[in-house]
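# Coordinate inspection notes
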Amino acid sequence: MQLINGGVCAAQGFTANGIHCGIRKNTTKADLALVLSQVPANAAAIYTTNLVKGAPLLVTKAHLSNGKAQAVICNSGNANTCNADGIEIAEKMSQLAADQLDISADNVVVASTGVIGQRLNVAPIEAGLPQLAAGLSVEGADAAAKAIMTTDTIDKQVAVEFELGGKVCRMGGMAKGSGMIHPNMATMLVFITTDAAISADMIQKALRCDVQDTFNMTSVDGDTSTNDMVTLLANGLAGNAEITEENEDFAIFMKALNTVTMHLCRMIAGDGEGATRLIECKVTGADSMDVARTAAKSVICSSLVKAAMFGADANWGRILCAIGYSGAKVDVTKVDVAFRSAKGEIPVCKDGAGIDFSEELAKEILLEKEIEILVSLGNGECAATAWGCDLTYDYVKINGDYRT
């Protein structure tokens, strides 16, 4: 298992592209992306838990009912959500892409991201698609990743190479996500591609299992978005024996998937709107996975903890407070807390009570770009990790006039 370059084009048979077609007023920002598999792929998706769902999600869910897809079209700048003609527009996007690619519209995943409640004009998409499709290439991952960005400050891509039955396989992904990021499988848009052969049932199972410890453990601001989903396409061109059951090959596939998704989670959390620090809360010593996950998520979701991290303030009491109201059954008299970064590690709480520590060293540790909050519950063998970011003045600035 090794990291490689290539993003969504790392796997055999995938090409991509991204352009500015005119959805966004800023002509320097791309706003339309396309990903194509050379052959139809087995596909799976997980969708936002928000009751308000964008029209593209509803259309994609219908298209993936047969477990197949061959292309992804995604626009930024407009969410196509809460619009009377939303379904019609999403279907139109699918058909336009299908016509350019000479495939079935039912094999197109459609996604949109941006402002909610504003009608999406399909004319720029229709005008831009010939150029977008003509420019598809194995070098197009960067362009596609940039075209799905909204308030993101960096594009988010990763790819890995691994072996299944002696065959070299690759998996790559791209994501957008900076605000409206919160656990409950509403986190962002993520598109993952692989040339590994795996059945539609097993690919759905793999994705459903993985998100519990990756995307569902990522939060920026506590807002569960309306348009977010994760999709995974597997075209089988690597030539391995198709995975149809939970065996050794499935375990390797799961490890590859987890490597990709975990890297994307860290990128999303670290690029939270206005963020200056990536926060990683590692909870150990829990008596169940549910307790570990609940405690870790509560810590990274706490506005007070996030604000303390912005100020490089080792206010560990806020961490215990977040664990205490999380709903997880925890013996607070056994809880230990420490902070760690590239500058070192410092324990600040033992058995639920404060201990003497150097405020100067703690501040030095917390001034780093990446901060680990280490929590031991002292009550079992289960562990979980959650990712978040600090809460800054710029978060309010960004969201104060996001629409206008």
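The rules we used
- Residues numbered from 1 in each chain as written.
- Predicted model: local features only at pLDDT ≥ 70, side-chain atom pairs only at ≥ 80, totals over all residues.
- Heavy atoms only, no water.
- Helix = DSSP H or I, 4+ residues; strand = E, 2+ residues; numbered from the N terminus.
- Rg over C-alpha atoms; globule rule 2.2 N^0.38 Å.
- Buried < 20%, exposed > 50% of the residue type's maximum accessible area, 1.4 Å probe, protein only.
- Salt bridge = Lys/Arg side-chain N within 4 Å of Asp/Glu carboxyl O.
- Pairing = 2+ DSSP bridges.
- Contact = heavy atoms within 4.5 Å.
- Polar contact = N/O pair within 3.5 Å; in protein donor to acceptor, adjacent residues only side chain to side chain.
- Core = buried A, V, L, I, M, F, W, Y, C linked by side-chain atoms within 4.5 Å.
- Expected span 1.5 Å × (residues − 1).
- Disulfide = S-S within 2.5 Å.
- Axes fitted to C-alpha atoms, helices over the stretch in contact; angles between N-to-C directions.
- Parallel < 35°, antiparallel > 145°, perpendicular 65-115°, else oblique.
- Left-handed = near helix turned anticlockwise from the far one by under 90°.
- Nonpolar A, V, L, I, M, F, W, Y, C, P; charged D, E, K, R; others polar.
- pLDDT = per-residue confidence, 0-100.

### Topic: the overall build of the chain
- In terms of helices and strands, the chain carries eleven helices and 15 strands.
- The C-alpha atoms of the chain give 21 Å as radius of gyration, which agrees with the globular expectation for 404 residues (22 Å, within 12%).
- Overall size of the chain, expressed as C-alpha extent along the three principal axes, is 70 × 55 × 35 Å.
- Split into buried and exposed, the 404 residues of the chain put 57% on the buried side.

### Observations regarding the pattern of salt bridges
- Using the criterion set out here, one finds 14 salt bridges in the structure.
- Notably, a salt bridge pairs Asp152 with Lys156, separated by 2.7 Å at the nearest N-O pair. No difference in accessibility class separates Asp152 from Lys156, as the two residues are buried.
- Across the pair Lys350 and Asp336 runs a salt bridge whose closest N-O atoms are separated by 3.3 Å.

### Topic: the pairing of strand S6 (residues 156-164)
- Burial within S6 is extensive, with eight of its nine residues counted as buried.
- Judged from the three bridges that link them, strand S1 (residues 2-4) and S6 form a sheet pairing that is antiparallel. Pairing of Gln2 across the sheet is with Glu161, part of S6.
- Where S6 lies against strand S7 (residues 167-176), nine bridges are found, and the strand directions are antiparallel. Bridging from a neighbouring strand, Phe162 pairs with Cys169 of S7.
- Between S6 and S7, which pair antiparallel and follow one another directly, the connecting turn spans two residues, one of which, Gly165, has a positive phi of 60°.

### Description of the environment of Ala90
- Along the chain, Ala90 falls in helix H2 (residues 86-101).
- For Ala90, a relative accessible area of 0% gives the class buried.
- Sequence separation between Ala90 and Ala111 is 21 residues; the distance between their C-alpha atoms is 8.0 Å.
- Residues in contact with Ala90, not counting those within four places in the same chain, are Ala55, Pro56, Val59, Asn80 and Val110.

### Here's the deal with the side chain of Asp336
- Tracing the backbone through its elements, the reader meets Asp336 in strand S11 (residues 336-341).
- A polar side-chain atom of Asp336 sits 3.3 Å from a polar atom in the side chain of Lys350.
- Beyond its immediate stretch of four places on either side in the chain, Asp336 contacts Cys349, Lys350, Asp351, Leu374, Val375 and Ser376.

### Thoughts on the environment of Ile268
- Looking at the secondary structure, you find Ile268 in helix H6 (residues 248-270).
- Here Ile268 falls in the buried class, since its relative accessible area comes to 0%.
- Sequence separation between Ile268 and Arg208 is 60 residues; the distance between their C-alpha atoms is 19 Å.

### Re the nonpolar core
- Counting 74 residues, the largest nonpolar core has Met171, Met309, Ile319, Phe339, Ile373 and Val375 as its most contacted members.
- Counting residues per element, this core draws most heavily on H6, which supplies ten residues.
- Apart from the residues within four sequence positions on either side, Met309 is in contact with Arg277, Ile279, Phe339, Leu366, Ile371, Ile373 and Asp390.

### Section: the sheet that holds strand S12 (residues 344-350)
- Taking strand neighbours across the sheet as the criterion, the six strands line up as S13-S12-S11-S14-S10-S15 in an open arrangement whose pairing is mixed. Both outer strands of the open sheet, strand S13 (353-354) and strand S15 (382-389), are each paired with one neighbouring strand and no more.

### Here's the deal with H6
- For H6, built from 23 residues, the straight-helix expectation of 33 Å at 1.5 Å per residue is met to within 8% by its first-to-last C-alpha distance of 33 Å.
- You can read the cap of H6 off the contacts: a side-chain oxygen lies 3.2 Å from the backbone nitrogen of Asp249, and it is on Asn247.

### Let's talk about the state of the cysteines
- Taken as a whole and assessed by the stated rule, the structure comprises zero disulfides.
- No disulfide involves Cys82; its nearest neighbouring cysteine sulfur is the one of Cys74, lying 18 Å away.
- According to the relative accessible area criterion, Cys82 is exposed, its value standing at 54%.

### Some thoughts on the packing of helix H5 (residues 200-211) against H6
- Close contact between H5 and H6 brings their axes to 10 Å; oriented N to C, the two are set at 50°. With respect to H6, the axis of H5 lies oblique. Crossing of H5 over H6 shows right-handed handedness. Contacts between H5 and H6 involve Met202, Ala206, Leu207, Cys209 and Asp210 from the first element and Phe250, Phe253, Met254, Leu257, Asn258 and Thr261 from the second.
- Here the contact of H5 with H6 is composed, by residue class, of eight nonpolar, two polar and one charged.

### So, the environment of Ile373
- Tracing the backbone shows Ile373 in strand S14 (residues 370-376).
- The class for Ile373 is buried, based on a relative accessible area of 0%.
- Apart from residues lying up to four places away in sequence, Ile373 is in contact with Ile279, Glu280, Cys281, Lys282, Val299, Val305, Met309, Ile319, Ala338 and Phe339.

### Looking at the confidence of the model for the chain
- With 94% of its residues at a pLDDT of at least 70, the chain reaches an overall mean of 91.
- Across the chain, element-level confidence peaks in strand S2 (residues 14-19) with a mean pLDDT of 98 and bottoms out in helix H11 (residues 393-400) with 72.

### A few points about H5
- Between its first and last C-alpha, H5 extends 17 Å over twelve residues, near the 16 Å set by a 1.5 Å rise per residue.
- Among all positions in H5, only Met202, Ile203, Gln204, Ala206, Leu207, Asp210 and Val211 are buried.
- Buried-residue contacts for H5 involve strand S3 (32-47), strand S9 (229-234) and H6.

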